[in-house]
Amino acid sequence: DIQELKHSGKAGFLVALLGVIVPLVLGTGLAMLADRTGMIETSGFLEDVFIGTILTATSVSITVETLKEIGKDTKVGNTILAAALIDDVLGLIALTIVSSLSGGQDSIALVLLKIVLFFVFSAVVSFLAHKFFCWLMALWPGRERRRYPVLAFVLCLLMAYCAEEFFGVADITGAYVAGLVISCTPKSSYIQSKFEPLSFLLLTPVFFASVGIKAK
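All figures in this text were calculated on a predicted structure; none of them were measured in a lab.

Tell me about helix α5 (residues 108-139), and please be specific about residues and values.
With 32 residues, α5 ought to run about 46 Å at 1.5 Å a step, and its terminal C-alpha atoms sit 46 Å apart, in line with that. Taken residue by residue, α5 has Val111, Ile115, Phe118, Ser122, Val125, Ser126, Ala129, Phe133, Leu136 and Met137 as its buried positions. Where the residues of α5 are buried, they touch α4 (75-101), α6 (147-167), α7 (171-183) and α8 (188-215).

Residue-level account of the environment of Gly29, with values.
By secondary structure assignment, the location of Gly29 is in helix α1 (residues 2-36). Overall, Gly29 belongs to the partly exposed group, its relative accessible area being 32%. Linking Gly29 and Gly52, residues 23 residues apart in sequence, is a C-alpha distance of 7.9 Å.

If you had to explain the environment of Phe133 to someone new, which residues and values would you point to?
Inspection of the secondary structure assignment puts Phe133 in helix α5. Linking Phe133 and Lys10, residues 123 residues apart in sequence, is a C-alpha distance of 30 Å. If sequence neighbours within four positions are ignored, Phe133 has contacts with Tyr148, Leu151, Ala152, Leu155, Ile182 and Thr185.

Calculation criteria
- Residues numbered from 1 in each chain as written.
- Predicted model: local features only at pLDDT ≥ 70, side-chain atom pairs only at ≥ 80, totals over all residues.
- Heavy atoms only, no water.
- Helix = DSSP H or I, 4+ residues; strand = E, 2+ residues; numbered from the N terminus.
- Expected span 1.5 Å × (residues − 1).
- Buried < 20%, exposed > 50% of the residue type's maximum accessible area, 1.4 Å probe, protein only.
- Contact = heavy atoms within 4.5 Å.

None of the figures reported here should be taken as evidence of function without further support.
This is the structure we're talking about:
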C-alpha cells in the first residue's frame, strides 16, 4: 500500500541507514581483529573495509517472503520492507565506492546516475501504467477482469528485468515498483486475491527451495 509506504518512509530510511553503517563498522572492525590475531590475512585497511561492505548486503526477496509467511502486512512490516529496499541501494553505492578506491573499474558517478535514472524511469512507467490500467478497467468491466492479474504479472516481470538489466538495481526493486502501481488501481484487491494462491502454492515454495539449494 503506497500510503503505508509514505508513513513508514522516514523510519525505513533510518533503519536502512543503520543497517548499512552498523554492519560496515562492525564488519571492518571484526576483519581487522581477525587479521591481527592471525585468523585471516588481509592486505590492509581497505580490504578490511571491503569485508565490512560485503556484510551490508541484504536479501530483499527473503525479507518479502518471510514477512508474507508470518503475516506481517503491518506498519512494522512495511518499515522493514522499505528499509530493505533502501539498504539494497545504499549497499550498492558503498560497494562501488570501495571498489573504485581499490582500483576497480566501477565508477561511483555512473552507479549514482543509473540509480537516479532508474527512479526517473520508474516514475514515468508508473504514471503510464496506472493510466493504462485505469483505462483498461473502464474498457473491460465484468467478466473480462480475469485479464488484469495476467497484465499485472507482465508489468511485474518487465519492471524486474529492466531494473537489473539496465540500471544494476535488484530485480525485486523493479517488481516492488510495479506492485505500488497496481495497488493504486481500482481492482488491486481483486488482483491480489488471484495472486495469493499462486504465491503460496507455487512461487514461494520454489523460491525458498532455490535459496536452500544455492546455500547448500
